[in-house]
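# Survey of secondary and tertiary structure
If you want the building blocks of each chain, they are given just below.
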Amino acid sequence: MLSLVAIAAETLKIYAAIALGHLAKKHRVLWAIVSYIGFNIVLNFLLGLSVERAVAWDLFSGLVNPNFGVEFANGRWVFEGVGLAAGMTGGAIVAELLLCAALFFLTRWILKNKLNLE
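Anyway, here's the lowdown on the structure attached to this text. Note that the structure is a prediction, hence the values are computed from the model and not measured.

### As for the side chain of T107
Positionally, T107 belongs in helix α3 (residues 82–114). Residue class for T107 comes out buried when judged on its relative accessible area of 9%. Every residue in contact with T107, bar those within four places of it in the chain, is listed here: L12, Y15, A16 and A19.

### A word on the packing of helix α1 (residues 2–21) against helix α2 (residues 28–56)
The N-to-C vectors of α1 and α2 enclose an angle of 135°; their axes lie 7 Å apart at closest approach. Regarding the angle of α1 to α2, the classification is oblique. Crossing angle aside, the handedness with which α1 passes α2 is right-handed. Across the interface between the two elements, E10, K13, I14, A16, A17, I18, L20 and G21 from α1 touch R28, W31, A32, S35, Y36, F39, N40 and L43 from α2.

### Section: the side chain of S35
The residue S35 is located in helix α2 in this model. With a relative accessible area of 16%, S35 lands in the buried category. Beyond its immediate sequence surroundings of up to four residues, S35 is in contact with A17, L20 and G21.

### What to know about a nonpolar patch on the surface
A contiguous nonpolar surface patch, about 400 Å² in accessible area, is contributed by V29, I33, I37 and I41. Among the secondary structure elements, I41 is positioned in helix α2.

How each quantity is defined
- Per chain, residue numbering runs from 1 following the sequence as it is written.
- Where totals are concerned, whole chains, interfaces and linings use all residues; where local detail is concerned, this predicted model gives features only for residues with pLDDT of at least 70, and gives and counts side-chain atom pairs only at 80 or more.
- Note that water and hydrogens are dropped before the side-chain values are worked out from all heavy atoms of the structure.
- Every helix listed is a DSSP run of H or I at least four residues long, and every strand listed is a run of E at least two residues long, numbered separately from the N terminus.
- Each residue is placed in one exposure class: buried if its accessible area under a 1.4 Å probe, protein chains only, is under 20% of its type's maximum, exposed if it is over 50%, and partly exposed if it falls in between.
- The contact criterion used throughout is that any non-hydrogen atoms of two residues lie within 4.5 Å.
- To get an axis, fit a line to the C-alpha atoms, keeping to the stretch in contact for a helix; angles then go from 0 to 180 degrees between the N-to-C directions.
- An angle counts as roughly parallel when it lies under 35 degrees, as roughly antiparallel when it exceeds 145, as roughly perpendicular when it falls between 65 and 115, and as oblique in every other case.
- It is the rotation of the near helix from the far one that decides the hand of a crossing: anticlockwise by less than a right angle makes it left-handed, clockwise makes it right-handed.
- The residues that make up patches have over 30% relative accessible area and no salt bridge, and they are joined within 9 Å when like-charged or within 5 Å when they are Val, Leu, Ile, Met, Phe, Trp or Tyr.
- Here the open area of atoms and residues is found with the Shrake-Rupley method and a 1.4 Å probe, where only the protein chains shown may cover a residue.
- Just to be clear on terms, a salt bridge is a Lys or Arg side-chain nitrogen sitting within 4 Å of an Asp or Glu carboxyl oxygen.

In short, geometric facts, not functional conclusions.
Here you go:
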C-alpha cells in the first residue's frame, strides 16, 4: 500500500513541478527541473525535521521494543518490533496521502488559475 501511495505522490510531484515550470516566461523545462529539485529539498528537510522532533520528544518510546526479531518464549513465538513497524508504515502512508492531496490541489490551482491552456 505504501508503495502505491508513494508512486502516486512522486507522479504528482512531477506534475506539480512541470506546472510550476510552465509559469516561467523562458526556459520552462529548466524551471520545471529546478522546481522538482526544490520540492525534494523541501520535503527531505521537513522529513528530517519531523523525525528529529519525534526523537527529541521521545514519541517512539511507548510503541514497542524497536529490536526486530522472532524468538520462542514460554511455548509460543514472540515477534518483537512488529507494532513499531506497523505504526511507522501507517504514519508514512498518512503523510504520503497528505502530500498527494497538497500536490494535487497545487497542480490543479496552477492549471486552472495561472496558466492559459486555451
